[in-house]
Protein chains: 2
Amino acid sequence: MGDEAEPAVSLAHRVPDLGALELLLAVARLGSLGRAARARGISQPAASSRIRSMERQLGVALVERSPRGSRLTDAGALVTDWARRVVEAAEAFDAGAQALRGRRDSRLRVAASMTIAEYLLPGWLIALRAQRPGTAVSLLAGNSRAVAERLLTGAADLGFVEGLEVPEGLDGTVIGHDRLIVVAAPSHPWTRRRTELTAAELAATPLILRERGSGTRQVLDAALARHGGLAAPLLELASTTAVKAAVVSEAAPSVLSELAVGEELTARRLVEIPVRGLRLGRELRAVWPAGQRPAGPARQLLGLTRPTA
Amino acid sequence: MGDEAEPAVSLAHRVPDLGALELLLAVARLGSLGRAARARGISQPAASSRIRSMERQLGVALVERSPRGSRLTDAGALVTDWARRVVEAAEAFDAGAQALRGRRDSRLRVAASMTIAEYLLPGWLIALRAQRPGTAVSLLAGNSRAVAERLLTGAADLGFVEGLEVPEGLDGTVIGHDRLIVVAAPSHPWTRRRTELTAAELAATPLILRERGSGTRQVLDAALARHGGLAAPLLELASTTAVKAAVVSEAAPSVLSELAVGEELTARRLVEIPVRGLRLGRELRAVWPAGQRPAGPARQLLGLTRPTA
DNA sequence: CTCTGCACATAAACCCAGCTTATGCCCTCA
DNA sequence: TGAGGGCATAAGCTGGGTTTATGTGCAGAG
């Protein structure tokens, strides 16, 4: 692959910065540049100029100014919606990063598997912050063994693992399900099959996979063992992202966690290939030292992770 | 509600800017600060300092520097994954904004309903750009009537609408389905029901809704007509976002498009309430003037919107 | 019919984050 | 042991974003 051609001018130059996007959301919410400025803690002229330069940058009028306030234009409403998604992603980033800072005096110390830390935890932390602002959370991400160890040595209060069973010495509860699914590029022949793929066919096909040792790989190996075992992979890559990129461009399928490809599926960058009679589910569990039911902030967080109380 | 307390220091001050996040992704991909710097078109010291200040800001070591290159630390890998989501949201923003600029010489003029423009189109545009870089797309967002008019007057080449039937004078094809779902805050009693909600109960409950006239509202009205008709809404709001916020805080349920609440459902900020025997589906359609099958870029885009060719 | 209040715009001056160029140190490999 | 790749430090510059101060336009009250 090598260095792909980067865009002539980077995203950062074509997309307003986070401060500007937050300001736009405030304008949409409050209906006036001045009020938005006050809410964001800047002066009114600063807000005015910032919105204006954003309009210049995008080449679209975003707000309709009047002596009685400002309303979004139609285009502005659309831009604001897209901006909201950027800001939400940034909020998740912030929530995660803050937990990662991992200060010793945190009131709640969480240990989580990579997949959960990556895809689910930031959202939970945002919800937790909404309910109990000021709860300092620290996060340590690692595999199931590392999570168990932290809990057993008292270095963590609550753990999250994905896998088939609860590690020795821990109690736990199922908080959700993940599913490994077969994905391919939209151009791949499998997306046009009229008959469902069989497990044996899948097993016989060289796939693009994570390297041996990843949780995903283990589950897949186990599930396909009685269908002839997994064929030699076409490509073994170190990160889920690299795998996704390769699936899109190399035109070979892969098997990935539903959590990891949700975005790609709805955007149709990838397509799920149903496989007859193959269930690649795995449970997502919250875990804690046997006998010590979570209390305080841990209990609060636990409540957020389950569909119903 | 009023002006809620904004955080003491805004997101923009706690989250590195897009340029820094892009740089981090480049470092992750290329394995060296210098190469990443070159790829992003800046000098090596600039990259070094930027990564360093990001580490200082987050309070976490992100890359392990060595005389032979730089690798991500464990925390760095996690941060990079979260960063990727921010950058992806920014890419969607950019793709949408660029189309909105709507230059007259665009090779492909698209008219789309708000929902589709907001949630689906940016992803399609990114995919289109990947396949056919340089295809200038312009976007006009409006309701079904506006879309139809643009197509019939030749002001647009391809349209997207959600609804029950194809507007007069247009041909179309179904490209997907949307579903209206009942949602409530996780704390709402409905999330703890043991028996499924019935359509009649739903109809009898005051909901938080979009204002009369929105597509969502129309479909809901029609579906509940034979279950006693919709009760007077508890609250009528102008934007989907306002409705979502109200559902979370006011503890009353609402009915919203699946597309609009996907994020909230996975983050458990909202919970879907199943309703027995109520199907609130609506089709998403690509449309074009009757008899004029899409060709060229329009055909290309159309191909991206469907699960299989 | 004018006065007051609110909202946005303009102008001038300032500050700092981030960039570049120049240079040095460290490690590896031939 | 010399060459090259990789990162760090230093010094100087630039521009975007900010503030304060002030001006304009409109609405509604008196």
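None of the values given here were measured: they were computed from a predicted structure. (Residues numbered from 1 in each chain as written. Chains lettered and ligands numbered in written order. Predicted model: local features only at pLDDT ≥ 70, side-chain atom pairs only at ≥ 80, totals over all residues. Heavy atoms only, no water.)

1. Considerations on the overall build of chain A
Phase 1 of the analysis: Check the secondary structure of chain A and you find 13 helices and 13 strands.
Phase 2 of the analysis: Viewed in the frame of its principal axes, chain A has a C-alpha envelope of about 75 × 50 × 35 Å.
Phase 3 of the analysis: Taken over 309 residues, chain A has a buried fraction of 50%.
Phase 4 of the analysis: Here the contacts in chain A between residues at least 6 apart in sequence split such that 74% fall between residues at least 24 apart.
Phase 5 of the analysis: Accessible surface, chain A: about 14400 Å² in total, of which carbon and sulfur atoms supply 49%.
Phase 6 of the analysis: If the 40 positive side-chain charges of chain A are averaged to one point and the 32 negative ones to another, these points end up 6 Å apart. (Helix = DSSP H or I, 4+ residues; strand = E, 2+ residues; numbered from the N terminus. Buried < 20%, exposed > 50% of the residue type's maximum accessible area, 1.4 Å probe, protein only. Contact = heavy atoms within 4.5 Å. Areas by Shrake-Rupley, 256 points an atom, 1.4 Å probe, with all protein chains shown as cover. Lys, Arg positive; Asp, Glu negative; His and termini not counted. Charge placed at Lys NZ, Arg CZ, Asp CG, Glu CD.)

2. Section: the protein's contact with DNA strand C
Phase 1 of the analysis: By nearness alone, 21 residues border DNA strand C, and Gly 34, Arg 35, Ser 48, Arg 52 and Ser 70 of chain A come closest of all.
Phase 2 of the analysis: Of all atoms in DNA strand C that approach within 4 Å of the protein, 68% are sugar or phosphate atoms.
Phase 3 of the analysis: Contact distances for DNA strand C include 2.4 Å between a phosphate oxygen and a side-chain N or O atom of Ser 48 of chain A.
Phase 4 of the analysis: Separating a sugar or linking oxygen of DNA strand C from a backbone N or O atom of Pro 67 of chain A is a distance of 3.3 Å.
Phase 5 of the analysis: Elements supplying a minimum of two residues to the surface near DNA strand C: helix H3 (33-40), helix H4 (44-58), strand E1 (63-66) and strand E2 (69-72) of chain A together with helix H4 (44-58) of chain B.
Phase 6 of the analysis: Ranked by residue count, the leading element in the surface near DNA strand C is H4 of chain A, at four residues. (Near = heavy atom within 4 Å. Polar contact = N/O pair within 3.5 Å; in protein donor to acceptor, adjacent residues only side chain to side chain.)

3. Some remarks on the packing of aromatic side chains
Residue and element names in this part refer to chain A.
Phase 1 of the analysis: Enumeration according to the criterion identifies two aromatic pairs over all chains in this entry.
Phase 2 of the analysis: Centroid distance Trp 124 to Phe 160: 4.9 Å. Interplanar angle 45°. Geometry classified as tilted. Of this pair, Trp 124 sits in helix H7 (residues 121-131) while Phe 160 is found in strand E5 (residues 158-163), placing the two residues 36 residues apart along the sequence.
Phase 3 of the analysis: Exposure remark for Trp 124: the relative accessible area of 3% places this residue in the buried category.
Phase 4 of the analysis: Assessed through its relative accessible area of 0%, Phe 160 is described here as buried. (Phe/Tyr/Trp six-rings, centres within 6.5 Å; stacked < 30°, edge-to-face > 60°.)

4. Notes on the UniProt feature "domain: HTH lysR-type" (unreviewed entry) in chain A
Phase 1 of the analysis: UniProt annotation of "domain: HTH lysR-type" (unreviewed entry) refers to residues 16-73 of chain A when read in the numbering used here.
Phase 2 of the analysis: Structurally, residues 16-73 of chain A comprises 62% helix and 14% strand, and the distance from its first C-alpha atom to its last is 18 Å. (UniProt positions renumbered as here; feature names shortened; annotations may be inferred.)

5. Let's talk about the pairing of E5 of chain A
Residue and element names in this part refer to chain A.
Phase 1 of the analysis: Where burial is concerned, most of E5 is hidden: six out of the six residues are buried.
Phase 2 of the analysis: Neither face of E5 is open: one carries Leu 158, Phe 160 and Glu 162, the other Gly 159, Val 161 and Gly 163, and all of them are buried.
Phase 3 of the analysis: Two strands pair when backbone bridges link them, and E5 and strand E13 (residues 281-289) are joined in this way by five bridges, in the antiparallel orientation. Residue pairing across strands places Gly 159 opposite Val 287, the latter belonging to E13. (Pairing = 2+ DSSP bridges.)

6. Focus on the domain arrangement of chain A
Residue and element names in this part refer to chain A.
Phase 1 of the analysis: Domain boundaries assigned for chain A yield domain 1 (11-103) and domain 2 (106-309).
Phase 2 of the analysis: Summarising the inter-unit geometry, the C-alpha centres of domain 1 and domain 2 are found 34 Å apart.
Phase 3 of the analysis: Counting residues at the interface gives 10 residues for domain 1 and eight residues for domain 2.
Phase 4 of the analysis: Interface area, domain 1 with domain 2, both sides summed: about 720 Å², of which 60% is carbon and sulfur.
Phase 5 of the analysis: On inspection of domain 1 and its partner domain 2, the count reaches one salt bridge.
Phase 6 of the analysis: Residue Asp 94 pairs with Arg 129 through a salt bridge whose shortest N-O separation is 3.4 Å.
Phase 7 of the analysis: Where domain 1 touches domain 2, the interface holds two residue pairs in polar contact (both at pLDDT 80 or more).
Phase 8 of the analysis: Grouping the amino acids of the side of domain 1 that touches domain 2 by side-chain chemistry returns four nonpolar, three polar and three charged. (Domains from an automatic or database assignment. Buried area = accessible area lost by both parts, 1.4 Å probe. Salt bridge = Lys/Arg side-chain N within 4 Å of Asp/Glu carboxyl O. Nonpolar A, V, L, I, M, F, W, Y, C, P; charged D, E, K, R; others polar.)

7. Looking at the protein's contact with DNA strand D
Phase 1 of the analysis: Taken together, 22 residues sit near DNA strand D, with Ser 43 of chain A together with Arg 35, Ser 48, Arg 52 and Ser 70 of chain B positioned nearest.
Phase 2 of the analysis: When atoms of DNA strand D within 4 Å of the protein are sorted by moiety, sugar and phosphate together comprise 65%.
Phase 3 of the analysis: Only H4 of chain A together with helix H3 (33-40), H4, strand E1 (63-66) and strand E2 (69-72) of chain B provide two or more residues apiece to the surface near DNA strand D.

8. Some thoughts on the interface of chain A and chain B
Phase 1 of the analysis: With 66 residues of chain A at the contact, the number on the chain B side is 67 residues.
Phase 2 of the analysis: Taken as a group, Trp 82, Phe 93 and Arg 268 of chain A account for 14% of the area that chain A buries against chain B, more than any other trio of residues on that side.
Phase 3 of the analysis: Counting the contacts that link chain A with chain B gives two salt bridges.
Phase 4 of the analysis: Of the charged contacts in the structure, one is a salt bridge between Asp 94 of chain B and Arg 14 of chain A, with a shortest N-O distance of 3.1 Å.
Phase 5 of the analysis: Here chain A and chain B share 14 residue pairs in polar contact (both at pLDDT 80 or more) between them.
Phase 6 of the analysis: When residues in the side of chain A that touches chain B are grouped by element, the largest group, 22 residues, is from helix H5 (residues 74-101) of chain A.
Phase 7 of the analysis: Residues of the side of chain A that touches chain B, tallied by class, amount to 35 nonpolar, 10 polar and 21 charged.

9. Considerations on the packing of H3 of chain B against H4 of chain B
All names here are of chain B.
Phase 1 of the analysis: At a closest axis distance of 8 Å, the pairing of H3 and H4 adopts a crossing angle of 110°. By the angle between their axes, H3 is roughly perpendicular relative to H4. The segment H3 lies against H4, with Leu 33, Gly 34 and Ala 37 engaging Gln 44, Ala 47, Ser 48 and Ile 51. (Axes fitted to C-alpha atoms, helices over the stretch in contact; angles between N-to-C directions. Parallel < 35°, antiparallel > 145°, perpendicular 65-115°, else oblique.)

10. Quick notes on the side chain of Arg 285 of chain B
Phase 1 of the analysis: Along the polypeptide, Arg 285 of chain B turns up in strand E13 (residues 281-289).
Phase 2 of the analysis: If we ignore the near neighbours within four places in the chain, the residues touching Arg 285 of chain B are Gly 159, Phe 160, Val 161, Gly 163, Leu 164, Glu 165, Val 166, Thr 173, Val 174 and Ile 175 of chain B.

11. Focus: the relation of the copies chain A and chain B
Phase 1 of the analysis: In screw terms, the move from chain A to chain B is a rotation of 180° and a rise of 0.0 Å along the axis, fitting with an RMSD of 0.1 Å. Taken together, the rotation angle and the small translation identify this as a two-fold axis. Taking the C-alpha atom as reference, chain A places Val 86 of chain A closest to the rotation axis, 2.9 Å from it.
Phase 2 of the analysis: A share of 100% of interface residues in chain A that are also interface residues in chain B marks the association as one of identical surfaces. (Least-squares fit on C-alpha atoms with pLDDT ≥ 70 in both.)

12. Section: the pattern of salt bridges
All names here are of chain A.
Phase 1 of the analysis: Under the definition given, this model contains 30 salt bridges over all chains.
Phase 2 of the analysis: Here Glu 258 makes a salt bridge to Arg 179, at a shortest N to O gap of 2.9 Å. Note that Glu 258 is positioned in helix H12 (residues 258-266) and Arg 179 in strand E6 (residues 170-184), a separation of 79 residues in sequence.
Phase 3 of the analysis: A relative accessible area of 30% means that Glu 258 is categorised as partly exposed.

13. Thoughts on the pairing of E6 of chain A
All names here are of chain A.
Phase 1 of the analysis: Examined bridge by bridge, E6 and E13 share nine bridges and lie antiparallel to one another. Along E13, the bridge assignment pairs Asp 178 with Arg 282.
Phase 2 of the analysis: Pairing of E6 with strand E10 (residues 254-257), which is carried by four bridges, proceeds in the antiparallel orientation. If you follow Val 182 over to E10, its bridge partner there is Val 255.
Phase 3 of the analysis: Of the pairings in the sheet, the one linking E6 to strand E11 (residues 271-273) comprises three bridges and is antiparallel in character. From the neighbouring strand, Ala 184 faces E11, where its bridge partner is Val 271.

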